[in-house]
Amino acid sequence: MRSIAAFNDGWTFLAGFDPARAGEVQDGAAVALPHNAVDLPFAYFDEASYWRPFTYQKRFTADPDWAGKEVYLVFDGAMADSVVYLNGVEIVAHPDGYSPFEARLTDHLKPGENLITVKIDGSENPAIPPFGARIDYLTYAGIYRDVWLRVTPKVFIENFKVETPDVLGPLKGTKVAVALANPADMPISGCVTGYLMDAEGNEVTRYWLAIEDEQVTLEFPPQRDLRLWDLDSPYLYEMVVRLNTPHGVDERRVRFGYRSVEFTTEGFRLNGKPLKLRGLNRHQSFPYVGYALGRTAQERDADILKDTLKLNMVRTSHYPQSSWFLDRCDEIGLLVFEEIPGWQHVGNEAWKAASIENVRNMIRRDWNHPSIVIWGVRVNESKDHHAFYAETNRLAREMDPTRPTSGVRCIVESEMLEDVYAMNDFILGMEEIGGNRPRTPLRPQKEVTGLDHAVPYMITEFNGHMYPTKVYDQEQRQAEHVTRHLDVLNAAYGDPEIAGAIGWCAFDYNTHKDFGSGDRICHHGVMDMFREPKFAAFAYASQCEPTDVPVLKPVTSWTRGDRNHGGVLPLIILTNCDEVELSSGNMPTRRFTPDRATYPHLPHPPVIIRREDYPNEEFGHWGMGWQNVTFTGYVDGKAVCKADFVADPVASALVVAPDAPQIITGDSLPVIVRVVDQVGNRLPYMFEPVRVTIEGPGELVGPELLSLVGGSTGFWVIARGAGEIRVCVTHAGLGTVVKTLDAQAAKPAVLSQPKP
Ligand code: GAL
């Protein structure tokens, strides 16, 4: 049987790399993985600081039991250009920052102590996609995902792909294409058995075949009573493949689901049912640590997209993201558009060959995720390159005939070699810079494609740089930010030819000097970099059904004079309630209904209270007294939620919110800090400092002295051992809040679903 163990602890790290010293133990700082080679400040830094080589080393002892076995290190991802040495001998080079790679140690292991040295070069090497021109995101440097030590018999299971033919019929097929690895060229014989297990771990059925060569395809007899994977009920089966050869037994497990996806000229269908796609783009970066946060942070992002933002889709812009993130999308029912690394630029023939290899690596790593419904096989927003994209499409279809291909473009009338035409439609806002048409949320499909017939079509970006909005921007700007997201969503819902729309973007992100607000941040998210919501987050959240959760978010902090001319009208209230009641001071209470006239297609249009609704300028007149207000949301005549605002907000409490009370050693946990008023509302213009101290076996990610940014900030805690971690946050006026985290030792295999 294979053994897999996390290989994340006990590394050393230093800047620079000397190939002549790859075989010798060097003096470095003790580090654990995932690791970011150069932590950056929150904003205003020099992104060139990590464009250089670094050395990671780890000493380990070869286990005598490894004799006669295959021993590999599996790297889930390291940025950007890696070379792995064992005892000074180069084992593997991997010039890509997003795909996993393996280092076969078997032939170079010594008895006793061995030394792994890894060179990581964070340079934006133009030979490696996505580099070669400018890109609007940072890639950081380091071994930023997990590393595993895998020991198997001489012949082992390299990979397998599960396909599910006839998935919508009563008898569902299950086909498992198993690839065996035989690096030492041993004679092969024996058999491969597939066990289909349900989510509770019970065997549903099994099927086996004798081995004839290194590819074995198990076609299970069609099976009744299998459950579908759906968004509300993302039922996962597990395929356990066991290999028996004279060299020993190997076993590999993969979760998968039964579901069908179709992109048609009338939109998207999941399991045969129409579904309008509503999504946002996600970059996998975090403040300070860049890409280097582990399992919990990855899973939490998926949870935020599904549970907080109520999306049904995410695009992994612009590269394959962590397997932890994708596993979570499978578990919670969040559809994924995954794409190869790249941003506008396409390099020379060698660059294109590397990009084609990225298609192969992406699909081979991820073909069993039911959440992934489409492959992006074009470099984001690149020009046409016929031969290159004919090949990426051919390869994707050959490797995975079950999913459509797409490719994201911003150039109209570009050649459609993919199954689904994906457009970044930034037309809204063009009218401000001399566009020749009035404000338009989305262009008609045929204008974009230049084709005379309809094709499967979706929107993969909108807004973003057309209307950057900071979490602490003035309320009026936030309201326009909200309106633009609503306008495009409404247009996408209203056009049956559009499968759906994925906005730019979920979270603010650090970027190069050539983009963003000069602070090295693109403030394009509906949430900030700590995943704190801006108002626009609720444009998405409010589209869920009130039976899921009632949403009521007035786009205001209810202040007398933040907007031009003062007051709070017109006031957008993002809600899925039938009615919203406003009651303030001694004014008569009034109820308002959603504005279906302006937003006829949205599942849940907002309520909009306009100046005409209060012709006496009750909420607008400069100089009048300001009153508290309560908004109450009604569904089926019953009050289900409310939002209170005070007219005289004062800093009343320091809220320190760790994401969970427990943490696993080696993993990281986010902690959000907010200063709130008397009724718990975040103070949007609070910028005072807070001091963070960590006691016990925890490490702080981020500085100890932090400024609140628009009333909130955040940091991560990494558990470096088991025990009680005390997180103390102090604000000069509001005192100290202490939270304790229970850090629990990781199980020996550390993480329940090891990747290799
Ligand atoms: C797009 C690009 C994204 C991001 C966005 C900002 O052109 O694909 O990566 O830069 O603009 O709006």
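Residues numbered from 1 in each chain as written. Predicted model: local features only at pLDDT ≥ 70, side-chain atom pairs only at ≥ 80, totals over all residues. Heavy atoms only, no water.

Draft legend 1. Structural context of the sheet that holds strand β19 (residues 267-270). Spatial strand order, β18-β19-β20: 3 strands in an open sheet with antiparallel pairing. Edge positions in the sheet fall to β18 (261-264) and β20 (273-274), since each of these pairs with one other strand and no more. Sheet analysis places β18 next to β19, joined by 4 bridges and oriented antiparallel. Bridge pairing in β19 links V261 to L270. (Pairing = 2+ DSSP bridges. Helix = DSSP H or I, 4+ residues; strand = E, 2+ residues; numbered from the N terminus.)

Draft legend 2. A look at the site of the ligand. If you check the shell around the ligand, you find 13 residues, and the closest are D136, H318, W343, E381 and H465. Within the side chain of H465, a nitrogen or oxygen atom sits 2.5 Å from an oxygen atom of the ligand. For the ligand, whose unbound accessible area comes to 310 Å², protein coverage reaches 95%. Among the residues forming the shell around the ligand, the class breakdown is 4 nonpolar, 6 polar and 3 charged. (Near = heavy atom within 4 Å. Polar contact = N/O pair within 3.5 Å; in protein donor to acceptor, adjacent residues only side chain to side chain. Areas by Shrake-Rupley, 256 points an atom, 1.4 Å probe, with all protein chains shown as cover. Nonpolar A, V, L, I, M, F, W, Y, C, P; charged D, E, K, R; others polar.)

Draft legend 3. Representation of the packing of helix α3 (residues 349-366) against helix α4 (residues 386-399) within the structure. At their nearest, the axes of α3 and α4 sit 10 Å apart, and the two run at 20 degrees to each other. Considered as vectors, α3 and α4 are oriented roughly parallel to each other. Like other packed secondary-structure pairs, α3 and α4 cross with a definite hand, here right-handed. In this structure, α3 uses W351, K352, S355, I356, V359, R360, I363 and R364 to contact α4, whose residues at the interface are F388, E391, T392, L395, A396 and M399. Residue classes in the contact of α3 with α4 are distributed as 8 nonpolar, 2 polar and 4 charged. (Axes fitted to C-alpha atoms, helices over the stretch in contact; angles between N-to-C directions. Parallel < 35°, antiparallel > 145°, perpendicular 65-115°, else oblique. Left-handed = near helix turned anticlockwise from the far one by under 90°. Contact = heavy atoms within 4.5 Å.)

Draft legend 4. Representation of the confidence of the model for the protein chain in the model. Chain-level statistics for the protein chain give a pLDDT mean of 96 and a share of 99% at 70 or above. This model gives residues 749-756 a pLDDT under 50, and the stretch forms 26 contacts once residues within four places in sequence are excluded. (pLDDT = per-residue confidence, 0-100.)

Draft legend 5. Region of interest: the pairing of β19. What sits between the antiparallel neighbours β18 and β19 is a turn of 2 residues. Relative to β20, β19 runs antiparallel, the two sharing 2 bridges. Paired with R269 across the strands is P274, a residue of β20. The hairpin formed by β19 and β20 contains 2 residues between the paired strands, and N271 there has a positive phi angle of roughly 50 degrees.

Draft legend 6. Structural context of α3. Between its terminal C-alpha atoms α3 stretches 26 Å, which fits the 26 Å expected from 18 residues at 1.5 Å a residue. Every buried residue of α3 is accounted for by W351, K352, S355, I356, N358, V359, N361, M362, I363, R365 and D366. Here the buried face of α3 lies against α2 (323-332), β23 (335-339), β24 (372-376) and α4. If you check the start of α3, you find a side-chain oxygen 3.2 Å away from the backbone N of A350, and it comes from N348. (Expected span 1.5 Å × (residues − 1). Buried < 20%, exposed > 50% of the residue type's maximum accessible area, 1.4 Å probe, protein only.)

Draft legend 7. The sheet that holds strand β17 (residues 248-256), seen in detail. Across the sheet, 4 strands lie side by side as β14-β13-β16-β17; this open sheet has antiparallel pairing. Every other strand in the sheet has two partners, leaving β14 (203-210) and β17 as the edge strands with one partner each. The average angle at which neighbouring strand axes cross in this sheet is 15 degrees, direction not considered. In the sheet, strand β16 (residues 237-245) pairs with β17 via 9 bridges, with the strands oriented antiparallel. By the bridge assignment, E238 is partnered in β17 with R255.

Draft legend 8. The arrangement of the environment of E251 in detail. Within the fold, E251 resides in strand β17. When residues no more than four places from it in sequence are discounted, the contact partners of E251 are M1, R2, I157, V240, V241 and R242. Only 2.6 Å separates the side chain of E251 from the side chain of R242, close enough to count as a polar contact. Polar side-chain contacts of E251 include one of 3.3 Å to the side chain of R253.

Draft legend 9. Summary view of a negative patch on the surface. Together, E158, D185, E212, D213 and E214 make up a region of like negative charge exposed at the surface. Position of E214 relative to the elements: it lies in the loop between β14 and β15 (215-223). Accessibility expressed as a relative area gives 34% for E214, which makes it partly exposed. (Patch = residues over 30% accessible without salt bridge, like charges linked within 9 Å, V, L, I, M, F, W, Y side chains within 5 Å. Salt bridge = Lys/Arg side-chain N within 4 Å of Asp/Glu carboxyl O. Lys, Arg positive; Asp, Glu negative; His and termini not counted. Charge placed at Lys NZ, Arg CZ, Asp CG, Glu CD.)

Draft legend 10. A look at the side chain of T392. Within the secondary structure, T392 sits in helix α4. The class of T392 is buried, set by a relative accessible area of 0%. A polar contact of 3.1 Å, which involves the side chain of T392, links it to the backbone oxygen of Y389. Beyond its immediate chain neighbours, meaning those up to four positions away, T392 contacts I356, V359 and V377.

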